[in-house]
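Tertiary structure, described
Here are the chains, one letter per residue:
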Amino acid sequence: QVQLVESGGGLVQAGGSLRLSCTASGRTVTGNAMGWFRQAPGKEREFVTVIGRGGDKTDYADSVRGRFTISRDNVKNTVSLQMNGLRPEDTAVYYCAATRLAYVSRAYAPVSSDEYGYWGQGTQVTVTS
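All of the points below concern the structure found in this document. In this text, all values refer to a predicted model and were calculated from it rather than measured experimentally. (Residues numbered from 1 in each chain as written. Predicted model: local features only at pLDDT ≥ 70, side-chain atom pairs only at ≥ 80, totals over all residues. Heavy atoms only, no water.)

So, on to the sheet that holds strand β8 (residues 78-83). Strand-to-strand pairing in sheets goes through backbone hydrogen bonds, with the strands running parallel or antiparallel. With antiparallel pairing, four strands are arranged side by side in an open sheet as β1-β3-β8-β7. The open sheet has two edge strands with one neighbour each: β1 (3-7) and β7 (68-73). Taking each pair of neighbouring strands and ignoring which way they run, the sheet shows an average axis angle of 15°. (Pairing = 2+ DSSP bridges. Helix = DSSP H or I, 4+ residues; strand = E, 2+ residues; numbered from the N terminus. Axes fitted to C-alpha atoms, helices over the stretch in contact; angles between N-to-C directions.)

Here we come to the side chain of Thr 99. With respect to the helices and strands, the residue Thr 99 is situated in strand β9 (residues 92-99). Those residues within four positions of Thr 99 in sequence are excluded, and the remaining contacts are Asn 32, Ala 33, Tyr 108, Pro 110, Glu 115, Tyr 116, Gly 117 and Tyr 118. (Contact = heavy atoms within 4.5 Å.)

The next subject is the pattern of salt bridges. This model, assessed by the stated rule, comprises six salt bridges. Here Arg 65 and Asp 62 are joined by a salt bridge, their closest N and O atoms 2.5 Å apart. For Arg 65, a relative accessible area of 43% corresponds to the partly exposed category. The exposure class of Asp 62 is exposed, given its relative accessible area of 66%. What emerges from the salt-bridge pattern is a single network uniting Arg 38, Glu 46, Arg 67 and Asp 90. (Salt bridge = Lys/Arg side-chain N within 4 Å of Asp/Glu carboxyl O. Buried < 20%, exposed > 50% of the residue type's maximum accessible area, 1.4 Å probe, protein only.)

Turning to its location among the elements, Ser 113 is positioned in the loop between β9 and β10 (116-119). Given the relative accessible area of 32%, Ser 113 is considered partly exposed. Sequence-wise, Ser 113 and Ala 98 are 15 residues apart; in three dimensions their C-alpha atoms are separated by 9.7 Å. In this structure, Ser 113 is in contact with Phe 37 and Trp 119, ignoring residues within four places of it in sequence.

Counting buried positions over the six residues of strand β5 (residues 46-51) gives five, a clear majority of the element. Looking at chain direction, strand β4 (residues 34-39) and β5 are connected through five bridges and run antiparallel. Note on β5: the bridge partner recorded for Met 34 is Ile 51. Two elements, β5 and strand β6 (residues 58-60), share three bridges in a ladder whose sense is antiparallel. In the strand pairing of β6, Thr 49 is matched with Tyr 60. Hairpin remark: β5 followed by β6, antiparallel, with six residues in the connecting loop; positive phi at Gly 55, about 85°.

Below, the structure is given as structure tokens:
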């Protein structure tokens, strides 16, 4: 019902920045919490950040807090991930996801991938030394 497409990945040197975007189509995701996850080779998919439906609740993995910033534009039906101070260990495929549930509390911002029912195809982020 909801299609998500990520863009903005690429190669960047350590210390550099990238901005990822996620565009939803099919229907609005205004009522959904939106998250970013990533998966590095040989590792499980891990939580990166989430933003609640109203944009006033966010959460970050400890590894990215202070460096990454999630934002959303409910008019454009998009979510962005600004990544600063990138490190080689940030190298991964980054996935945008929308929660299965919609129009839950504005405080609903889950970190578990089990809560997400809609996923993008992923975009590769590679950080070189």
